[in-house]
Amino acid sequence: SSTGASSYIGGIVGNATGTTNKVANIKNCTNASDSVSGANYVGGIAGLVNTGLFSNCRNVGGITNSKYGAGMIGRVETNITIQSCVNNGDIVGTSGSGGIIGVLKANSTGSIDANTINYGNAKNAIIASAGSTTEFSNEATSGTQDQTLINQMLGVAVQAKANATAGYMDLRIISSIDTLDYEYI
């Protein structure tokens, strides 16, 4: 777990402050710790980002904060692009918790694509707070479960019962967020 008494605490990086010419590129990373906690602006991946690109990032740990915590980023200063990122951690805070972003500072810009999803519990499913005149495109979704996967599992369960009645052996289900495979053993 990552813990700090101050602000800008992240599961991967605390303060990722790229400038207009220096973009903080954070790609293909997973925060697998059980928790990340701090005072303000706590993120499963980063506490603070000035200008950044987050791609294929995943947070599985819970976030605990006093103000503006989120599954991906606690605070965005200028510009952020988030692509194909997933938050599975619950966010607990006294003020402004977001599934993906805690707070977008006034006049910040960027986007969150449709492949980004929040499965964690948070007061605000995607973004907790956005400053005035923020130009931002948000296509992210939020949900507790993938209904397609649930339907597939129910279908497998019905087939398993029929096969068990016919005398087949046990069923082993091999699953992930993206796929569901099964085999008879």
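Above this text you will find the structure in question.
All of these numbers come straight from a predicted model, not from anything done at the bench. (Residues numbered from 1 in each chain as written. Predicted model: local features only at pLDDT ≥ 70, side-chain atom pairs only at ≥ 80, totals over all residues. Heavy atoms only, no water.)

Right, let's get into the pattern of salt bridges. If you walk through the whole model with that rule in mind, you get two salt bridges. Among the salt bridges present, the one from Arg-75 reaches Glu-77, with a minimum N-O distance of 2.4 Å. Exposure class is identical for Arg-75 and Glu-77. Each is buried. One salt bridge in this structure joins Glu-77 and Lys-105, with 3.2 Å as the shortest N-O distance. Of the two residues, Glu-77 sits in strand 11 (residues 73–83) while Lys-105 sits in the loop between strand 14 (101–104) and strand 15 (109–112), which places them 28 residues apart along the sequence. Classification of Lys-105 as partly exposed rests on a relative accessible area of 36%. Through salt bridges with shared partners, a single ionic network connects Arg-75, Glu-77 and Lys-105. (Salt bridge = Lys/Arg side-chain N within 4 Å of Asp/Glu carboxyl O. Buried < 20%, exposed > 50% of the residue type's maximum accessible area, 1.4 Å probe, protein only. Helix = DSSP H or I, 4+ residues; strand = E, 2+ residues; numbered from the N terminus.)

To continue, consider the packing of aromatic side chains. Taken as a whole and assessed by the stated rule, the structure comprises two aromatic pairs. Where Tyr-8 meets Tyr-41, the ring centres are 5.3 Å apart and the plane angle is 10 degrees; that geometry is what we call stacked. Taken together, the positions of Tyr-8 in the loop between strand 1 (2–3) and strand 2 (9–10) and Tyr-41 in strand 7 (residues 40–43) put the pair 33 residues apart, joining distant regions of the chain. Judged by relative accessible area, which is 29%, Tyr-8 ranks as partly exposed. Judged by relative accessible area, which is 11%, Tyr-41 ranks as buried. Relative to Tyr-68, the ring of Tyr-41 lies with its centre 5.9 Å away and its plane at 10 degrees, an arrangement referred to as stacked. (Phe/Tyr/Trp six-rings, centres within 6.5 Å; stacked < 30°, edge-to-face > 60°.)

Right, let's get into the sheet that holds strand 19 (residues 141–142). Strand order in the open sheet formed by five strands is 5-9-12-16-19, and the pairing between neighbours is parallel. Each of the sheet's edge strands pairs with one partner strand only, and the pair in question is strand 5 (30–31) and strand 19. Here two bridges tie strand 5 to strand 9 (residues 58–59), and the two strands are oriented parallel to one another. Bridging across to strand 9, Asn-31 finds its partner in Asn-59. (Pairing = 2+ DSSP bridges.)

Now for the environment of Thr-94. Along the chain, Thr-94 turns up in strand 13 (residues 91–98). For Thr-94, a relative accessible area of 65% translates into the label exposed. Sequence separation between Thr-94 and Lys-67 is 27 residues; the distance between their C-alpha atoms is 6.2 Å. The residues contacting Thr-94, other than those within four sequence positions of it, are Asn-65, Ser-66 and Lys-123. (Contact = heavy atoms within 4.5 Å.)

Attention now goes to the side chain of Ser-108. Secondary-structure assignment places Ser-108 in the loop between strand 14 and strand 15. The buried category is assigned to Ser-108, whose relative accessible area is 0%. In terms of polar contacts, Ser-108 uses its side chain to reach the backbone carbonyl oxygen of Lys-105, at 2.6 Å. (Polar contact = N/O pair within 3.5 Å; in protein donor to acceptor, adjacent residues only side chain to side chain.)

Examined against the element boundaries, Arg-75 turns out to sit in strand 11. Among residues more than four places away in sequence, those in contact with Arg-75 are Tyr-8, Tyr-41, Gly-47, Leu-48, Val-49, Val-103 and Lys-105.

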